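One letter stands for each residue in the lines below.
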Amino acid sequence: EKDNKRLYVEVKGTTGSNTRVILTKNEVIAAKKNFPNSALFIVSGIFLDRSKNPPKALLGKLKEIYNWKIEDEKLVAISYYYNL
């Protein structure tokens with residue numbers, strides 16, 4: 001929050017590229033609700049030092065997307081609950 005302006009930021013980290021991230025249902029809802037005061041920050045290319053317990057995250061490149069607007073056509077379902 002700065003000068004009475006609030007920014008809602010979703011931060012994602014990945015060892016892969018910054019071309020896609022996994023979002024929860026609640027993260028999508030929050031981004032839609034808070035647009036245009038929402039942002040997505042992705043730290044990609046993280047190196048995990050697995051010789052440590054717990055593993056230690058190192059390096060990474062930051063990508064910042066301000067005024068983040070969820071575009072429904074870019075969402076891909078990766079799992080479902082099936083109620084019996």
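For the structure itself, consult the block above.
Read on for an overview of the structure. (Residues numbered from 1 in each chain as written. Predicted model: local features only at pLDDT ≥ 70, side-chain atom pairs only at ≥ 80, totals over all residues. Heavy atoms only, no water.)

On to the side chain of glutamate 10, then. By the element assignment, glutamate 10 lies in strand β1 (residues 8-13). Buried and without a salt bridge, glutamate 10 has lysine 12 as its closest oppositely charged side chain, separated by 4.1 Å. (Helix = DSSP H or I, 4+ residues; strand = E, 2+ residues; numbered from the N terminus. Buried < 20%, exposed > 50% of the residue type's maximum accessible area, 1.4 Å probe, protein only. Lys, Arg positive; Asp, Glu negative; His and termini not counted. Salt bridge = Lys/Arg side-chain N within 4 Å of Asp/Glu carboxyl O.)

Another aspect to go through is the packing of aromatic side chains. Scanning all chains against the criterion turns up one aromatic pair. Taking 5.6 Å as the distance between ring centres and 70° as the angle between the ring planes, the aromatic pair formed by phenylalanine 41 and tyrosine 66 counts as edge-to-face. Placement of the pair is phenylalanine 41 in strand β2 (residues 38-44) and tyrosine 66 in strand β5 (residues 61-66), with a sequence separation of 25 residues. The partly exposed category is assigned to tyrosine 66, whose relative accessible area is 43%. (Phe/Tyr/Trp six-rings, centres within 6.5 Å; stacked < 30°, edge-to-face > 60°.)

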